[in-house]
Amino acid sequence: GAVVSQHPSRVICKSGTSVKIECRSLDFQATTMFWYRQFPKQSLMLMATSNEGSKATYEQGVEKDKFLINHASLTLSTLTVTSAHPEDSSFYICSAVTSGGAGDEQYFGPGTRLTVT
Amino acid sequence: AQSVTQLDSHVSVSEGTPVLLRCNYSSSYSPSLFWYVQHPNKGLQLLLKYTSAATLVKGINGFEAEFKKSETSFHLTKPSAHMSDAAEYFCVVIPSGSARQLTFGSGTQLTVLP
(Lines give C-alpha, C1' and ligand atoms only; values in the text may rest on other atoms or scores of the structure.)
Protein backbone atom coordinates (compact mmCIF):
# COMPACT_ATOMS: atom_id res chain seq x y z
CA GLY A 1 0.00 0.00 0.00
CA ALA A 2 0.88 3.66 -0.22
CA VAL A 3 3.34 4.75 2.45
CA VAL A 4 4.07 8.26 3.63
CA SER A 5 7.02 9.01 5.89
CA GLN A 6 7.88 12.05 7.96
CA HIS A 7 11.22 13.16 9.29
CA PRO A 8 12.01 13.82 12.02
CA SER A 9 9.50 12.04 14.20
CA ARG A 10 10.37 14.27 17.13
CA VAL A 11 12.24 17.54 17.35
CA ILE A 12 13.03 19.92 20.16
CA CYS A 13 14.26 23.37 19.29
CA LYS A 14 14.94 26.65 21.01
CA SER A 15 12.64 29.60 20.63
CA GLY A 16 13.59 31.75 17.66
CA THR A 17 15.12 29.00 15.57
CA SER A 18 13.65 27.38 12.46
CA VAL A 19 12.72 23.75 12.00
CA LYS A 20 12.18 21.83 8.79
CA ILE A 21 9.89 18.81 8.60
CA GLU A 22 9.96 16.50 5.60
CA CYS A 23 7.07 14.52 4.17
CA ARG A 24 7.82 11.83 1.61
CA SER A 25 5.65 9.51 -0.40
CA LEU A 26 7.75 6.36 -0.52
CA ASP A 27 6.14 4.22 -3.18
CA PHE A 28 3.96 6.57 -5.18
CA GLN A 29 3.95 10.01 -6.72
CA ALA A 30 1.90 12.65 -4.97
CA THR A 31 0.86 15.74 -6.85
CA THR A 32 -0.83 17.04 -3.74
CA MET A 33 0.21 16.88 -0.12
CA PHE A 34 -1.54 18.33 2.87
CA TRP A 35 -0.17 19.62 6.16
CA TYR A 36 -2.18 19.34 9.33
CA ARG A 37 -1.66 20.45 12.88
CA GLN A 38 -3.05 18.64 15.86
CA PHE A 39 -3.20 19.95 19.42
CA PRO A 40 -3.44 17.50 22.32
CA LYS A 41 -6.73 15.68 22.44
CA GLN A 42 -8.06 17.61 19.47
CA SER A 43 -8.83 16.82 15.88
CA LEU A 44 -6.62 17.61 12.90
CA MET A 45 -6.64 21.12 11.54
CA LEU A 46 -5.71 21.60 7.90
CA MET A 47 -2.96 24.18 7.58
CA ALA A 48 -2.19 24.16 3.89
CA THR A 49 -2.40 22.29 0.62
CA SER A 50 0.87 21.73 -1.16
CA ASN A 51 0.91 21.20 -4.91
CA GLU A 52 4.03 20.07 -6.71
CA GLY A 53 5.65 22.90 -8.61
CA SER A 54 3.35 25.64 -7.39
CA LYS A 55 2.73 27.76 -4.33
CA ALA A 56 0.95 26.23 -1.40
CA THR A 57 -2.59 27.21 -0.55
CA TYR A 58 -2.95 28.20 3.09
CA GLU A 59 -6.07 27.95 5.19
CA GLN A 60 -7.48 31.04 6.77
CA GLY A 61 -5.57 32.08 9.84
CA VAL A 62 -2.37 30.22 8.96
CA GLU A 63 0.61 32.51 8.52
CA LYS A 64 2.30 31.62 5.27
CA ASP A 65 5.47 33.50 6.20
CA LYS A 66 5.77 31.50 9.38
CA PHE A 67 4.93 28.09 7.95
CA LEU A 68 6.88 27.82 4.71
CA ILE A 69 5.88 24.96 2.47
CA ASN A 70 7.89 23.67 -0.48
CA HIS A 71 6.72 20.84 -2.73
CA ALA A 72 9.76 20.53 -4.96
CA SER A 73 9.11 17.06 -6.30
CA LEU A 74 6.35 14.51 -6.67
CA THR A 75 7.58 12.65 -3.61
CA LEU A 76 8.67 15.38 -1.20
CA SER A 77 7.05 18.29 0.57
CA THR A 78 8.67 20.23 3.38
CA LEU A 79 7.21 22.39 6.12
CA THR A 80 9.54 24.90 7.74
CA VAL A 81 8.44 26.53 10.95
CA THR A 82 10.34 29.80 11.02
CA SER A 83 11.27 31.66 14.19
CA ALA A 84 9.52 29.03 16.25
CA HIS A 85 7.87 29.94 19.54
CA PRO A 86 6.49 27.74 22.31
CA GLU A 87 2.95 28.18 20.98
CA ASP A 88 4.09 26.44 17.77
CA SER A 89 4.65 23.26 19.77
CA SER A 90 2.30 20.72 18.30
CA PHE A 91 1.94 17.48 16.37
CA TYR A 92 2.31 18.07 12.65
CA ILE A 93 0.95 15.48 10.23
CA CYS A 94 1.21 15.39 6.46
CA SER A 95 -0.84 13.42 3.99
CA ALA A 96 -0.54 12.70 0.30
CA VAL A 97 -2.89 11.93 -2.53
CA THR A 98 -1.82 9.54 -5.27
CA SER A 99 -1.64 10.80 -8.80
CA GLY A 100 -4.47 9.23 -10.74
CA GLY A 101 -4.96 6.66 -8.05
CA ALA A 102 -8.01 5.62 -6.09
CA GLY A 103 -9.16 9.18 -5.89
CA ASP A 104 -10.45 10.26 -2.57
CA GLU A 105 -8.10 8.55 -0.15
CA GLN A 106 -5.37 10.46 1.56
CA TYR A 107 -2.42 8.59 3.01
CA PHE A 108 -1.12 10.01 6.26
CA GLY A 109 2.38 10.22 7.59
CA PRO A 110 3.20 9.16 11.15
CA GLY A 111 3.49 12.73 12.36
CA THR A 112 6.21 14.96 13.81
CA ARG A 113 6.13 16.10 17.41
CA LEU A 114 7.59 19.61 17.65
CA THR A 115 8.51 21.04 21.03
CA VAL A 116 9.77 24.60 21.22
CA THR A 117 11.53 25.50 24.46
CA ALA B 1 -20.42 22.55 2.73
CA GLN B 2 -20.03 19.46 4.85
CA SER B 3 -19.72 18.72 8.51
CA VAL B 4 -19.14 15.76 10.74
CA THR B 5 -20.37 15.19 14.26
CA GLN B 6 -18.96 12.47 16.44
CA LEU B 7 -21.53 12.11 19.12
CA ASP B 8 -19.27 10.79 21.86
CA SER B 9 -15.95 12.28 22.82
CA HIS B 10 -15.13 9.23 24.91
CA VAL B 11 -16.35 5.64 24.87
CA SER B 12 -15.35 3.00 27.37
CA VAL B 13 -16.01 -0.72 26.87
CA SER B 14 -14.84 -3.94 28.43
CA GLU B 15 -12.63 -6.28 26.46
CA GLY B 16 -14.72 -8.73 24.49
CA THR B 17 -17.83 -6.54 24.38
CA PRO B 18 -19.18 -4.70 21.31
CA VAL B 19 -17.94 -1.31 20.24
CA LEU B 20 -20.14 1.44 18.78
CA LEU B 21 -18.67 4.79 17.77
CA ARG B 22 -21.25 7.17 16.38
CA CYS B 23 -20.85 9.58 13.48
CA ASN B 24 -23.37 11.82 11.76
CA TYR B 25 -22.58 13.89 8.72
CA SER B 26 -24.00 16.57 6.52
CA SER B 27 -22.92 17.15 2.96
CA SER B 28 -24.22 19.02 -0.04
CA TYR B 29 -22.87 16.31 -2.30
CA SER B 30 -22.76 12.56 -2.34
CA PRO B 31 -19.99 12.10 0.17
CA SER B 32 -17.17 9.71 0.69
CA LEU B 33 -16.89 8.74 4.33
CA PHE B 34 -13.94 7.36 6.20
CA TRP B 35 -12.96 6.15 9.62
CA TYR B 36 -9.38 6.59 10.73
CA VAL B 37 -7.69 5.39 13.90
CA GLN B 38 -4.84 7.17 15.65
CA HIS B 39 -2.75 5.55 18.35
CA PRO B 40 -0.84 7.86 20.73
CA ASN B 41 1.80 9.94 18.98
CA LYS B 42 1.15 8.18 15.71
CA GLY B 43 -0.30 9.18 12.37
CA LEU B 44 -3.70 8.17 11.10
CA GLN B 45 -4.46 4.72 9.79
CA LEU B 46 -7.41 4.10 7.52
CA LEU B 47 -9.89 1.64 8.98
CA LEU B 48 -12.48 1.69 6.23
CA LYS B 49 -14.14 3.89 3.65
CA TYR B 50 -17.50 4.28 1.95
CA THR B 51 -17.53 5.57 -1.61
CA SER B 52 -21.09 4.91 -2.85
CA ALA B 53 -20.76 1.18 -3.27
CA ALA B 54 -22.11 -1.25 -0.67
CA THR B 55 -23.63 0.52 2.32
CA LEU B 56 -22.11 -1.94 4.77
CA VAL B 57 -18.38 -1.49 4.69
CA LYS B 58 -15.94 -3.90 6.23
CA GLY B 59 -12.57 -2.66 7.32
CA ILE B 60 -9.45 -3.86 9.00
CA ASN B 61 -9.19 -5.41 12.45
CA GLY B 62 -12.81 -6.56 12.46
CA PHE B 63 -14.34 -3.09 12.22
CA GLU B 64 -17.27 -2.27 10.00
CA ALA B 65 -19.54 0.68 9.37
CA GLU B 66 -22.94 1.12 7.78
CA PHE B 67 -23.82 4.11 5.65
CA LYS B 68 -27.42 5.14 6.32
CA LYS B 69 -28.40 7.98 4.06
CA SER B 70 -31.83 8.45 5.65
CA GLU B 71 -30.20 8.95 9.04
CA THR B 72 -27.06 10.67 7.67
CA SER B 73 -25.04 8.35 9.83
CA PHE B 74 -21.91 6.28 9.44
CA HIS B 75 -21.45 4.52 12.77
CA LEU B 76 -18.40 2.35 13.39
CA THR B 77 -18.86 -1.02 15.08
CA LYS B 78 -16.89 -4.03 16.15
CA PRO B 79 -18.43 -7.18 17.70
CA SER B 80 -15.71 -7.75 20.28
CA ALA B 81 -13.26 -5.16 21.56
CA HIS B 82 -9.61 -5.95 22.00
CA MET B 83 -7.17 -4.13 24.23
CA SER B 84 -5.23 -3.02 21.16
CA ASP B 85 -8.31 -1.16 19.91
CA ALA B 86 -7.79 1.55 22.51
CA ALA B 87 -7.08 4.67 20.46
CA GLU B 88 -8.60 7.84 19.04
CA TYR B 89 -11.02 7.40 16.16
CA PHE B 90 -11.89 10.04 13.59
CA CYS B 91 -14.83 10.10 11.22
CA VAL B 92 -14.04 12.03 8.03
CA VAL B 93 -16.21 13.23 5.14
CA ILE B 94 -15.12 14.30 1.68
CA PRO B 95 -17.36 15.57 -1.13
CA SER B 96 -17.62 13.00 -3.88
CA GLY B 97 -14.85 13.11 -6.45
CA SER B 98 -12.53 15.25 -4.43
CA ALA B 99 -9.49 14.29 -2.41
CA ARG B 100 -9.47 17.69 -0.83
CA GLN B 101 -11.66 19.39 1.69
CA LEU B 102 -11.45 16.69 4.29
CA THR B 103 -13.68 17.48 7.18
CA PHE B 104 -12.69 15.73 10.39
CA GLY B 105 -14.93 14.91 13.28
CA SER B 106 -13.74 15.93 16.71
CA GLY B 107 -12.65 12.40 17.52
CA THR B 108 -13.76 9.68 19.92
CA GLN B 109 -11.34 8.28 22.46
CA LEU B 110 -11.96 4.56 22.90
CA THR B 111 -10.88 2.99 26.17
CA VAL B 112 -10.92 -0.79 26.51
CA LEU B 113 -11.07 -2.12 30.04
CA PRO B 114 -9.62 -5.52 30.96
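Residues numbered from 1 in each chain as written. Chains lettered and ligands numbered in written order. Predicted model: local features only at pLDDT ≥ 70, side-chain atom pairs only at ≥ 80, totals over all residues. Heavy atoms only, no water.

Regarding the overall build of chain B
Worth spelling out the cut-off: Only DSSP runs of H or I covering at least 4 residues are called helices, and only runs of E covering at least 2 are called strands; the numbering of each starts at the N terminus. Every radius of gyration here is taken over C-alpha atoms, with the globule rule written as 2.2 Å times N^0.38, N being the number of residues. Burial here depends on accessible area, computed with a 1.4 Å probe over protein chains only, as a share of the maximum for the residue type. Under 20% is buried, over 50% is exposed, and the range in between is partly exposed. The contact criterion used is simple: two residues touch if any of their non-hydrogen atoms lie within 4.5 Å. In these tables, accessible area is a Shrake-Rupley quantity obtained with a 1.4 Å probe, and a residue counts as shielded only by the protein chains included in the view. His is not counted, nor are the chain ends; Lys and Arg add positive charge and Asp and Glu add negative charge. For charged residues, the charge sits on one atom: NZ in Lys, CZ in Arg, CG in Asp, CD in Glu.
A tally of regular secondary structure across chain B gives zero helices and twelve strands. Each helix (α) and strand (β) of chain B, taken in turn from the N terminus, gives the series β-β-β-β-β-β-β-β-β-β-β-β. The C-alpha atoms of chain B give a radius of gyration of 13 Å, which matches the 13 Å a tight globule of 114 residues would have. Projected onto the principal axes, the alpha-carbon positions of chain B cover approximately 40 × 30 × 20 Å. Put simply, chain B has 114 residues, and 45% of those count as buried. Within chain B, counting contacts between residues at least 6 apart in sequence, those at least 24 apart form 56% of the total. Accessible area of chain B: about 5300 Å², with a carbon and sulfur share of 52%. Between the averaged position of the 8 positive side-chain charges in chain B and that of its 7 negative side-chain charges there is a distance of 9 Å.

Things to note about the environment of glutamate 105 of chain A
Secondary-structure assignment places glutamate 105 of chain A in the loop between β9 (90-98) and β10 (106-108). C-alpha separation for the pair glutamate 105 of chain A and serine 95 of chain A, spaced ten residues apart in sequence, amounts to 9.7 Å. In this view, glutamate 105 of chain A contacts Ala96 and Val97 of chain A together with Phe34, Tyr36, Leu46 and Lys49 of chain B; residues no more than four positions away in its chain are not counted.

Overview of the pairing of β9 of chain A
Residue and element names in this part refer to chain A. For clarity, the cut-off: In this scheme, strands are said to pair when DSSP sees at least two bridges between them.
Counting buried positions along β9 gives nine out of nine residues, so the element sits mostly inside the fold. Where burial is concerned, the two faces of β9 agree: the one with Ser90, Tyr92, Cys94, Ala96 and Thr98 and the one with Phe91, Ile93, Ser95 and Val97 are both buried. Here eight bridges tie strand β4 (residues 30-38) to β9, and the two strands are oriented antiparallel to one another. Of the residues in β9, the one forming a bridge with tryptophan 35 is cysteine 94. As defined by bridge partners, β9 adjoins strand β11 (residues 112-116) across three bridges and the pair is classed as antiparallel. Counted as the bridge partner of phenylalanine 91 is arginine 113 from β11.

Geometry only, nothing functional implied.
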